Amino acid sequence: MIKELEKIVGKENILTEPDSLEPYSHDETSGFRVFPKAVVKPKTTQETSEIMKFANKELIPVTPRGGGSCLSGGAVPSPGSIVISFERMNQIREIDTENLMAIAEPGVIIAQLADEAKKYGLFYPPYPASLDTSTVGGNIAECAGGARAVKYGTTKNYVLGVEAVLPTGEIIKCGGKLVKNVTGYNLTDLLVGSEGTLAIITLAILKLLPMPKVKVDLLIPFEDIEKAGKFAQEILQHKMSPSTIEIMEREAIEASERYLKRKLKFSVGNKYACSLLIEIDGERKEEIEHEYNEIGDIALKNGALDVLVALTEREQERLWEVRNSISDALKSESEVEREDIVVPRSKMPEFLHEIKRVECKYGLKIVSYGHIGDGNVHINILREDTPEQEWKAKIPNIMKELFEVGLSLGGMISGEHGIGLSKKPYLEMALGKQQIELMRGIKRVFDPNNILNPEKIFPDNK
Ligand SMILES: Cc1cc2nc3c(=O)[nH]c(=O)nc-3n(C[C@H](O)[C@H](O)[C@H](O)COP(=O)(O)OP(=O)(O)OC[C@H]3O[C@@H](n4cnc5c(N)ncnc54)[C@H](O)[C@@H]3O)c2cc1C
């Protein structure tokens, strides 16, 4: 196998030693680790196609890999697999200022894409907290969301076309530099969020927007999480559209402060339960001022303890650094089980109440933060010093109970992290047998030999 792969990508672009395979044996999901047989690093679509033709002929499982930041086990290698890592396919081929689009290879890091677009006065809105490590290919495969989805939508709203390699090795091109296109089934949209189980993305055409000229961030502490939930809802009822409405429980902020060795300055000291981070952007300073004053007034009427305004880019970056470090900070202090249930936005206060109930019932600390404006708060169950056996026994029950609550409120079990390995036992309770059978049919058409991420998503695939 190695000899054949060497013929395709060259000896220097294959890893087979256990030490060099270790970083590819897991992603950011707790509790999953599988060593692949080899990691291959193609430079072109053609090489990727040849790897897939070989793997399909020999029935070798394949796991594509971007930044390895997945939170549902999607980038964990399948047993006996080859990992295809896109770290050498990392070029931004074009920023098209006539069509307001970018063309990027799968290994391009999201922050680099956003920075490159900014040089041309353009804006790539998807803003996952993993923007410094996650890639175009991985974001498309997971349909990454992130903080700005409340105003700008998720990755699917920006993918206009892809080039992809099928599990059988053929290369397809879907969509294009087109604002609209209804020519046949929309296979581009089908591939977005397919978690690397249908095809491998080797190039993407992405929509860009003009860069908003003004931006302000508000940090608003509350003494009570449910009040914060009601306030978030009220902003939307006032028909305002901030680009982010993020929540951070105090424990999340404090963990991030310890991690960064730096404190956020709250006038209320530590007498708050959570804080909302709201970003407002737009074209004119006066409009933005009007909007943030109005949001501040609504906040104070809803029991906010204070409204802090970050006007300069430096102040704003420092706030977002705290927000974007929470996941790593929590993980650095304790084993964490992370869920990303999504509920209708109107049900968020009820859902927050239920999370607290589950926390009391099971006696494990739960810290929540994330995209409250999208109804998609990230729930972090901390192991801390809980004995392993007790932790392992409680987690499936807590997950099931939280999923049941989410579904009963009209929600779904994942808003943006995907099903992967960690949530597949729960897929049927969310979708039912019939939808899963339709999905299986689609999988068979794309991947007749079931070699691409074979054991992901579907409940009974081992
Ligand atoms: C600190 C932190 C913060 C995060 N914040 C957010 C957030 O705000 N919003 C959010 O949505 N997610 C977030 N995530 C989750 C994660 O970053 C996203 O799911 C991201 O899209 C994964 O991208 P990646 O490049 O790391 O992909 P990987 O983890 O490498 O892979 C993810 C999946 O995509 C498949 N894949 C990778 N490349 C390709 C390709 N070229 N073609 C086909 N399939 C491919 C893999 O097989 C795997 O199934 C966060 C994760 C961390 C660790």
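Because the structure is predicted, anything quoted here is derived from the model rather than measured.

**Considerations on the overall build of the chain**
Looking only at helices and strands, the chain has 15 helices and 18 strands in total. A compact globule built from 462 residues would reach a C-alpha radius of gyration of about 23 Å, and the chain, at 22 Å, matches this within 12%. Principal axes of the C-alpha set define a box for the chain whose edges measure 65 × 60 × 45 Å. Per-residue burial for the chain yields a buried fraction of 47% across its 462 residues. Here the analysis covers contacts within the chain between residues at least 6 apart in sequence; of these, 74% occur between residues at least 24 apart.

**Some words on the domain arrangement of the chain**
Taken as a whole, the chain is organised into domain 1 (2–85), domain 2 (92–210), domain 3 (214–327) and domain 4 (333–408). One C-alpha centre belongs to domain 1, the other to domain 3; they are set 41 Å apart.

**Some details on the site of the ligand**
Within the structure, the ligand sits among 37 residues, and G66, G74, G137, G138 and G196 are positioned closest to it. A total of five residues in the shell around the ligand trace back to one element, the largest contributor, which is helix 5 (residues 136–142). Here the shell around the ligand is built from residues that sort into twelve nonpolar, 18 polar and seven charged. In this structure, the shell around the ligand is formed jointly by two domains, domain 1 (2–85) and domain 2 (92–210), each of which donates at least three residues.

**Overview of the sheet that holds strand 13 (residues 244–249)**
Judged by pairing direction, the sheet is antiparallel, and its seven strands sit side by side in the order 15-12-14-13-17-18-16 without closing on themselves. Both outer strands of the open sheet, strand 15 (308–310) and strand 16 (336–339), are each paired with one neighbouring strand and no more. Strand-to-strand twist across the sheet, computed as the mean angle between neighbouring axes with direction ignored, equals 20°. Sheet topology note: the strand 16/strand 18 (residues 376–382) ladder contains four bridges and is antiparallel. Among the inter-strand pairings, R338 is bridged to a residue of strand 18, identified as N380.

**A word on helix 15 (residues 427–446)**
The end-to-end C-alpha separation of helix 15 is 21 Å, well short of the 28 Å expected for 20 residues at 1.5 Å each. K433 marks the point of greatest bend in helix 15, at about 80°. Burial within helix 15 is sparse, with just one of its 20 residues counted as buried.

**Here we look at unusual backbone geometry**
At E195, a residue that is not glycine, the phi angle is positive and equals roughly 55°. In this structure, E195 sits in the loop between helix 7 (187–191) and strand 10 (200–207). On the neighbour-count criterion, E195 (22 C-beta atoms within 10 Å) is buried.

**A word on helix 10 (residues 285–301)**
Taking 1.5 Å of rise per residue, 17 residues should cover 24 Å, and helix 10 covers 24 Å from first to last C-alpha, within 8% of that figure. If you check which residues of helix 10 are buried, you get E291, Y292, I295 and A299. Along helix 10, the residues classed as buried sweep out an arc of 95° about the axis, all on the same side. Facing away from the buried side of helix 10, by more than 90 degrees, are the exposed residues E286, N293, D297 and K301. On the buried face of helix 10, the contacting elements are strand 12 (214–222), helix 8 (225–237), strand 14 (274–282) and strand 15.

Calculation notes
- Residues numbered from 1 in each chain as written.
- Predicted model: local features only at pLDDT ≥ 70, side-chain atom pairs only at ≥ 80, totals over all residues.
- Helix = DSSP H or I, 4+ residues; strand = E, 2+ residues; numbered from the N terminus.
- Rg over C-alpha atoms; globule rule 2.2 N^0.38 Å.
- Buried ≥ 20, exposed ≤ 12 C-beta atoms within 10 Å, placed from the backbone.
- Contact = placed C-beta atoms within 7 Å.
- Domains from an automatic or database assignment.
- Near = placed C-beta within 6 Å.
- Nonpolar A, V, L, I, M, F, W, Y, C, P; charged D, E, K, R; others polar.
- Pairing = 2+ DSSP bridges.
- Axes fitted to C-alpha atoms, helices over the stretch in contact; angles between N-to-C directions.
- Expected span 1.5 Å × (residues − 1).
- Bend = angle between axes of the 7 residues up to and from the residue.
- Arc of directions from axis to C-beta.

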